[in-house]
Structures are given as C-alpha cells and as structure tokens.
2 protein chains.
Amino acid sequence: MEPEYTNAGDGYAADIVSIREAQARIKPFARKTPVFTSDTLDSVVGRKLYFKCECFQKGGAFKFRGACNAVFSLDDAQATKGVVTHSSGNHAAALSLAAKLRGIPAYVVVPRNAPKCKLANVKRYGGQVIFSEPTMQSREDTANKVMRDTGAVLIPSSNDGRIISGQGTICLELLEQVSQIDTLIVPICGGGMASGVALAAKAINRAIRIFAAEPLGANDAFLSKKNGRITKLSEVDTVADGLGAFLGDHTWPIVRDLVEDIIVVDDKEIIQAMKLCYEILKVAVEPSGAIGLAALLSDSFKNNAAYSDCKHVGIVLSGGNVDLGVLWNSFHK
Amino acid sequence: MEPEYTNAGDGYAADIVSIREAQARIKPFARKTPVFTSDTLDSVVGRKLYFKCECFQKGGAFKFRGACNAVFSLDDAQATKGVVTHSSGNHAAALSLAAKLRGIPAYVVVPRNAPKCKLANVKRYGGQVIFSEPTMQSREDTANKVMRDTGAVLIPSSNDGRIISGQGTICLELLEQVSQIDTLIVPICGGGMASGVALAAKAINRAIRIFAAEPLGANDAFLSKKNGRITKLSEVDTVADGLGAFLGDHTWPIVRDLVEDIIVVDDKEIIQAMKLCYEILKVAVEPSGAIGLAALLSDSFKNNAAYSDCKHVGIVLSGGNVDLGVLWNSFHK
C-alpha cells in the first residue's frame, strides 16, 4: 500500500490531518450516517451505487459536520461572544445547533426567500435570525454589521479550512463503510464539501475519481473550471435552493486540482432524481441533496466512455430539508 | 435474568423458537434496518423514541420478512409450482421478491384500487398480477381460482404462522439494537406484525408493553378487542391503504392476549405524523407506516396516566411505498 498522500505541501486550506482531527472533534456530536444501496437503481445504471445519507445527519444535512468542527475549534476566549454566518439555510441551522451544543450564541443572516423549513430549523436550535435581501452583497453586509455589533466570530458556510475539514469527514466515514469505492459524486455550491471530500479521498487512494454535480441555473463551478479562474454569476435560478453560492479562494484551488469534472444537470433532472430517492430509497432529500444521483443518471455522464469504468460509485445525499409544498410544485413543473 | 418465556404451551401459530428460526432463514436476504432517533421528537413527546425503519427493508416494507420466511420454509416439491397471494400491495411485492430470490413464480391478486407504486413494485420483482375487485370476497375468490389453475401454494399476508414468525424478527432485531425499550407501538391490520412482535417481545421481556395503532376508518382490531371476538367491518375508509384487512384465527388470539391496547387515530393524525416523519426524520413513509407515531402523539395516549411510564418507546415505521400524488392530496385534506 502506498503511503498516505497528505497534501501537506500543496498549500490548501485543509489536508488529511485536519480532516482526521475534525473527525475526532465532531465524533461526540455528529451522527455516523448510514450508507444505502438499491438493487433497483444499480440495475438501472449498470454500476454499484452507495448512497451516503447525510440527510439523516443532525440538523438534516451534512453542514453540521463543518459547523461543529468550526465551533469546537474556537478557544474559549474566541467562542464566548458567539458565532455569526450568512447562509441559505442548512449551514445556518447547523451552526445554530453546534453553537447550542457549545453553549454560545449563534447569529444567522438568512435571505428573505429561504425555505421555511430551514428557517424553522434555525429557530429550533436557538439561532438568532437576522434577515437580509437575497443577494450575496446584502448577506455579507448584514453579517459584517452583526460582527461589529456583537464581536461574534464569522464562520463562513464553505470557504474556510475548518469547514472543509469537517465536510471531509463524510468521505473518511464513507470509505470506512465501503472500501471498494472508485468514484465519488458530490453536490457543489461553495465547494466546502467537494473540497473536503476530494482531499480525504485522494489522500486515502489517489485513484478515486471525484466528480461534482451542479445545477444548470447556478453553474459557476462548471464555468470556473472551464475558465481556469473563479467565475461568479450575476444571478442563479434553480430549484436546488441550497446550491446558489460560489467558490471561494480556499475551495477553488482544491476543486480546480482534484475534482475531475463538473456534471451540469437541469432542474427537471434534479426533480426526477429526487423522486427516485423518495420512491426507491424512501429517503426524503431536498433538491440539492439529489443532484449527485441526477448527475449519474444524466446523458452526459452515462454516455461518456471515459466514465465507463466508474463501477463503485459513492453518492452523497447531502440534505433533506425541504418544504413539502415546494417539493410538490416542483414535481409538476 | 428470568428464563425465556417461549409461549410453547399457549397454542399460538408461532413462538420465540419459530421467530428465531425465521431470523436465521431470512438473514441472507433481508436487510437489518436502522433505528433512528430524534432529539426534536423526543422533546415534543417527553419520551425517548426509537424508530425501527422498515421502510428501508427490501421491497420498501416489513412485509418482506414474513414473505421471505414463508417462501424459504417451503420444501422443493411445494415450492416448484410457485406461490399465490392477495394483498393490497406491500405483501404482494414482498412475496414477488421472495419468490424471485427462490426462482419460483409468484401470482398476486391485487385490488384494482391499489396504489400504483405498489403495483409497480410487484411488476419490478417479476410477480404476475391478477386484478380483483377491491372487496375481500373478490380477492379470496380470485386467489382460490389461481391456486386451482396453477397448483401454487397460498401464502396469506398475515394470518399464517410463517408470516407471524417472519414479522417477529423486527422485534428481535430492534431489541438487539436498543435493549432498554419498555414499550412497542406497531401498526395493526391483519395482525401479522402485531402478533410476531408481541410474541418476540414478551418472550424476551414480559414487562415490555405492546400497543397497536389502527385508523378510525378501519378499527376492526379495536372493536375485536372490545367485543372479545374477531369483528369485521363491512367497509373501510382510511388514507392508510395498507391497513384495510382484518384479524384472522391465528393472529387474533395473540393480539387478544398480548397487545395491551389498540390506539385509534383518525386520518388527520396519520397525515400529521407522516409529515413529521418526512420533515424531522427525513424518512419517506406511507400513511400506514406513520400510524405508530400518530398513536403516540394522540391525546388518548398522551393523556392516559397509565402510559406515563412508557419512557423508551420503539415505533415501527412499517413501510414507505407511497404515490407522491396521493400523499400530497392527503396533506391538503
């Protein structure tokens, strides 16, 4: 067996060591989520699929891993004034829960159009909600004001070494559960999960292939890879409300170097995959959560001869926080 | 520890020995389903809840356990002509899958109004569908005709020792996973699961209290317990399409003796519990699958002082085969 590749010299914001530290740090709090399989779906795609069910994570999404790692990384002096973030919802809820577990305040800036169920999660976990307009500028400005007013520490949703390390624990866990995985498909948004998963996977086995799945209406990561630099969009439009943010200076180099390809799917494909998750796996995923399966089922992945040897595919079902009303409407689009 | 209570002298159609045999028999085929917990739901009800997620069982419902046990109990001479049943859906799919695994034909008589997704499951597993009218008489007559025509062995959905033993394995598994359970709540229909679970639980720990949950529009088990004899209804009307059948001569004595109470809930309570399963547990259950949680949340259970010491409650989420369209309509009732 070749020695573990640590990325130590690559200058990334995280590496396998920080990911293993995160795993130990969050172990008392985070759930070890199950891996589901389905003979039915396997026979549809002609590959063995392993669904890492992060919708069963505390707070209903993988985001708790990163948030928990970040909150418990703070020393007491830093932590005492609390934490602040802006997020479309899942990171906000996750940070609220992690802060609650540490006994410190969480201030969360949430765009006015966030799904109700995600807002309800924030409140359930005791997070203090501050609304912003649904633009990145308004979100950042509002969060900066809260920092100045309270002295709270900013915990970004993706572009942060502690977050990347926390999300990387998904991959450590999955490869412990299913050692034969040769391919991983994860949703991409700010790139926290994609970065963490890619760093962990490549450290454990350089041969594992990493793909990220992105909605057509928010395809900034695809464009960034194509252009060779971080590319942002002036607006995003997708049913996958969790996937509207952009890559940052910490996540981009990792995505650039370690993610082989960004598979772009449209909303119809996302909804179709979501229905399969409900009907076949019996797992209540949100649209963002199903996008990895959508990518795998897409013509561009299916018909690409270079991917024909992706035989044991791990797919992260990233979250399950969905308004049932919105869900149904999207099924009828 | 007191010696295991075997029920051997009670004349029931199954006992702890047949349930343990079933566990060994189905082990190569059935899934060991996970047990989910939720701090949120625990804090709502003031008890510790353990959700045995049989919606993740093969075929999408617990029914595979009984069907698999029955099919693999047959000797080769019996098995060769195949098996036949009538079922509202989940048993039909489960029997089709079990027969497929054994390499024998399955003939399934399905009422015309069965949910499409359940029919799709039957066909996916290679079962041969024969439609009947949606009355028990038509279902039985049609199944009898298939038996005569094919020589197939009838495998009832509930009222059968092999089925009761198979369903009892849910309880063996759950008590292995969570030893501190003091109370169990299961859906009741034909009584196969209630009987099997009650027999297993009482054999392992006589102190475990067993409750069954039943829809108001199909409350035959409630009436049977009240009247002290099997009581059938001329018609049933409930959103819980899996719970329309009645107790039989094998299941009734066990339900009569070992099930402490039947908790009756209306469709609104069932739908509310179902929403909680989706939104909090992220588990896609069918209405019948959520009825145990509905019973626990009902005023009649909550306000009954005799149940205040039910502190560690196991709830079987029995299945997840739901037409999403029907689901949504029921949410808006």
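Just so it is clear, the structure is predicted and the values come from calculations on it, not from any experiment.

Calculation rules
Residues numbered from 1 in each chain as written. Chains lettered and ligands numbered in written order. Predicted model: local features only at pLDDT ≥ 70, side-chain atom pairs only at ≥ 80, totals over all residues. Heavy atoms only, no water. Helix = DSSP H or I, 4+ residues; strand = E, 2+ residues; numbered from the N terminus. Rg over C-alpha atoms; globule rule 2.2 N^0.38 Å. Buried < 20%, exposed > 50% of the residue type's maximum accessible area, 1.4 Å probe, protein only. Contact = heavy atoms within 4.5 Å. Areas by Shrake-Rupley, 256 points an atom, 1.4 Å probe, with all protein chains shown as cover. Lys, Arg positive; Asp, Glu negative; His and termini not counted. Charge placed at Lys NZ, Arg CZ, Asp CG, Glu CD. Pairing = 2+ DSSP bridges. Buried area = accessible area lost by both parts, 1.4 Å probe. Salt bridge = Lys/Arg side-chain N within 4 Å of Asp/Glu carboxyl O. Polar contact = N/O pair within 3.5 Å; in protein donor to acceptor, adjacent residues only side chain to side chain. Nonpolar A, V, L, I, M, F, W, Y, C, P; charged D, E, K, R; others polar.

Attention now moves to the overall build of chain A. Within chain A, the regular secondary structure consists of 15 helices and 10 strands. Relative to its length of 333 residues, chain A is compact, with a C-alpha radius of gyration of 18 Å against a globular reference of 20 Å. Overall size of chain A, expressed as C-alpha extent along the three principal axes, is 55 × 50 × 40 Å. The buried share of chain A, taken over its 333 residues, is 61%. Partitioning the contacts of chain A with sequence separation of at least 6, the portion at a separation of at least 24 is 73%. Accessible surface computed for chain A: about 12400 Å², of which carbon and sulfur atoms make up 50%. Seen as two clouds, the 37 positive and the 35 negative side-chain charges of chain A have centres 4 Å apart.

All names here are of chain A. Of all six residues making up strand β4 (residues 106-111), six are buried, and the element is well covered by its neighbours. Both faces of β4 are covered, namely the face carrying A106, V108 and V110 and the face carrying Y107, V109 and P111. For strand β3 (residues 83-86) and β4, the ladder comprises four bridges, and the chain directions are parallel. From the neighbouring strand, H86 faces β4, where its bridge partner is V109. Note that β4 and strand β5 (residues 128-132) share five bridges and pair parallel. Within β5, the position partnered with Y107 by the bridge is Q128.

Taken together, the contacts link 26 residues of chain A with 26 residues of chain B. Summing both sides of the interface, chain A and chain B together bury roughly 2000 Å²; the carbon and sulfur share of this comes to 65%. Where chain A packs against chain B, one counts zero salt bridges. One can count eight residue pairs in polar contact (both at pLDDT 80 or more) joining chain A with chain B. Sorting the residues of the side of chain A that touches chain B by element identifies α2 (39-45), α12 (267-281) and α15 (324-331) of chain A as the ones contributing at least two each. With five residues, the top contributor of residues to the side of chain A that touches chain B is α12 of chain A. Here the residues of the side of chain A that touches chain B sort into 12 nonpolar, seven polar and seven charged.

None of the figures reported here should be taken as evidence of function without further support.
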